[in-house]
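Architecture at a glance
Given next are the chains, with one letter for each unit.
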Amino acid sequence: MDTTAVRIPDLTGRTAIVTGANSGLGLETTRVLAGAGAHVVLAVRDEDKGRVAAESVRGKTEVRHLDLADLSSVRAFADRWQGDIHLLINNAGIMAVPKGKTKDGFESQFGVNHLGHFALTNLLLEQVTGRVVTVSSSLHRMAKGIDFDDVAMDRGYSPYKAYARSKLANLLFTLELQRRLEDAGSTVLATAAHPGYATTDLHGYGSHPLLRGITRLSSRVFGQSAANGALPTIFAATQDVPGAAFAGPKSMGGTRGAPALSSRSEEAWDGRAAKRLWVLSEELTGVSFPFPPADRA
Ligand SMILES: NC(=O)c1ccc[n+]([C@@H]2O[C@H](COP(=O)([O-])OP(=O)(O)OC[C@H]3O[C@@H](n4cnc5c(N)ncnc54)[C@H](OP(=O)(O)O)[C@@H]3O)[C@@H](O)[C@H]2O)c1
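Quick look at the structure, then. This structure is a prediction, so every number in the text was calculated from the model and none was measured.

Conventions adopted
- Residues numbered from 1 in each chain as written.
- Predicted model: local features only at pLDDT ≥ 70, side-chain atom pairs only at ≥ 80, totals over all residues.
- Heavy atoms only, no water.
- Helix = DSSP H or I, 4+ residues; strand = E, 2+ residues; numbered from the N terminus.
- Rg over C-alpha atoms; globule rule 2.2 N^0.38 Å.
- Contact = heavy atoms within 4.5 Å.
- Areas by Shrake-Rupley, 256 points an atom, 1.4 Å probe, with all protein chains shown as cover.
- Lys, Arg positive; Asp, Glu negative; His and termini not counted.
- Charge placed at Lys NZ, Arg CZ, Asp CG, Glu CD.
- Core = buried A, V, L, I, M, F, W, Y, C linked by side-chain atoms within 4.5 Å.
- Buried < 20%, exposed > 50% of the residue type's maximum accessible area, 1.4 Å probe, protein only.
- Near = heavy atom within 4 Å.
- Polar contact = N/O pair within 3.5 Å; in protein donor to acceptor, adjacent residues only side chain to side chain.
- Pairing = 2+ DSSP bridges.
- Right-handed = clockwise from strand over helix to strand, strands pointing away.
- 1 Å grid on protein atoms, 1.4 Å probe; cavity = no way out; pocket = protein on both sides within 12 Å on 5 of 7 lines; lining within 4 Å.
- Points joined across faces, edges and corners; volume = space filled by probe spheres on them.

**A few points about the overall build of the protein chain**
Each helix and strand counted, the protein chain has 9 helices and 8 strands in total. On C-alpha atoms alone, the protein chain measures out to a radius of gyration of 18 Å, which is about the 19 Å that the 2.2 N^0.38 rule sets for 297 residues. With the C-alpha coordinates of the protein chain rotated into their principal frame, the extents come out at 60 × 45 × 35 Å. Contacts in the protein chain between residues far apart in sequence, at least 24 positions, make up 72% of those at least 6 positions apart. For the protein chain, the exposed surface amounts to about 13100 Å²; the carbon and sulfur share of it is 50%. Between the centroid of the 33 positive side chains of the protein chain and the centroid of its 30 negative side chains there is a distance of 5 Å.

**Some thoughts on the nonpolar core**
Grouped together as the largest cluster of nonpolar side chains are 53 residues, with contacts concentrated most on Ile-17, Phe-77, Leu-124 and Leu-177. If you list the elements that add at least two residues to this core, you get strand 2 (39-44), helix 3 (71-80), strand 4 (85-90), helix 4 (108-124), strand 5 (128-135), helix 5 (159-183), strand 6 (189-193) and helix 9 (271-285). Aside from chain neighbours lying at most four places away, what touches Leu-124 is Ile-17, Phe-77, Ala-78, Trp-81, Ile-85 and Leu-88. Leu-11, Val-18, Ala-38 and Leu-231 belong to the second largest nonpolar core, which has 30 residues in total.

**Overview of the site of the ligand**
In the region of the ligand, 30 residues are neighbours, and Asn-22, Arg-45, Lys-49, Tyr-163 and Thr-200 sit closest. One nitrogen or oxygen atom from the main chain of Asn-91 is found 2.8 Å from an oxygen atom belonging to the ligand. Contact between the ligand and Gly-93: an oxygen atom at 3.2 Å from a main-chain N or O atom of the residue. For the ligand, the protein covers 96% of the area, taking 890 Å² as the surface of the free molecule. Among the elements of the structure, helix 1 (24-35) and helix 5 are those that each provide at least two residues to the shell around the ligand.

**Considerations on the pairing of strand 6**
When you tally the buried positions in strand 6, you get 5 out of 5 residues, the bulk of the element. By the alternation rule, side chains of strand 6 split into Leu-189, Thr-191 and Ala-193 and Ala-190 and Ala-192, which are all buried. The pairing of strand 5 with strand 6 spans 5 bridges and is classified as parallel. Opposite Val-133, over in strand 6, you have Thr-191 as the bridge partner. Handedness of the crossover is the feature at issue here: the chain leaves strand 5, passes through helix 5, returns alongside strand 6, and the resulting connection is right-handed. Note that strand 6 and strand 7 (residues 246-251) share 2 bridges and pair parallel. By the bridge assignment, Ala-192 is partnered in strand 7 with Phe-246.

**Quick look at the layout of surface pockets**
Approximately 170 Å³ is the volume attributed to the second largest pocket. What lines the second largest pocket is simply Met-142, Ala-143, Lys-144, Gly-145, Asp-147, Asp-150, Met-153, Gly-156, Lys-161 and Arg-165.

**A closer look at the environment of Thr-285**
Topologically, Thr-285 is positioned in helix 9. The sequence separation of Thr-285 and Gly-116 amounts to 169 residues, and the corresponding C-alpha distance is 8.3 Å. Sequence-distant contacts of Thr-285, that is, excluding residues within four places in its chain, are made with Leu-71, Arg-75, Leu-115, Phe-118 and Ala-119. Of note is the side chain of Thr-285, whose polar atom sits 2.7 Å from the backbone oxygen of Ser-281. Among the polar contacts made by the side chain of Thr-285, one reaches the main-chain amide nitrogen of Val-287 at a distance of 3.2 Å.

And the structure:
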């Protein structure tokens, strides 16, 4: 990793939660945060894999169970939580999987990548003191808005369309979360990041073996390392950026290199869609934003 790309502050005494921390970008994010002194909780669906991952990290770590495809698991994680959270890193994700449903019946990519993190964030928000960073993707640009009248994608499922929609949802979530935090008078920041194109296990999903093989090979040949792919997340978590900032690599068309502020699609700036998605997500998960608007009198 090019550690000169981001100047990381001392995080001694701080606590961070990283979802999907047992591989890829989540594990590399964990390494950097723990290396800077933070106590990092690896929030993972497979605790054995999580423990192996944690053993490879120098610093203070802890493994806790979290399955974002199951709201009862998200609630159990939040119920057990005690103490301040300096950084909540919503990193876990699945990409281009065959059509499926989460335990609660949501289309799986929307359910894991967006709704699981939506519920987790709101359930933990009163304990967050620093930032909520959500990992999106440049593929969010493929989504031309959220299809509010067919969230289950019953009218036609496409693995990549569903992924793109979930990653657009990550950015709209960040936009509306930041707006609500400001409205509530909170100093907590909501930011987002994307890694460009990084070599991780993410490219091992997909329904067709040939397509799976091609995407895996292409990621190995053209992708940057997972360590470099994690730098935009670290940037969004620790650098002086505005609320709702979106960080990504600045070279090669935003696919690799040192992190910087990144552009996003017009759809990802749509405040009305962000509000509508928020209301829908509250209805679907039964979890709400915990703070009332600040008294501006
Ligand atoms: N790699 C890229 O080029 C790229 C590009 C754009 C965006 N991203 C985003 O980067 C993030 C991290 O992905 P990655 O590239 O590091 O891929 P990865 O190595 O496959 O990591 C994904 C992580 O998410 C976890 N996860 C999946 N479903 C989960 C669930 N139901 N509950 C809890 N954890 C779950 C996985 O756990 P298991 O190990 O148990 O499967 C794994 O730890 C994702 O949000 C992805 O969309 C990646």
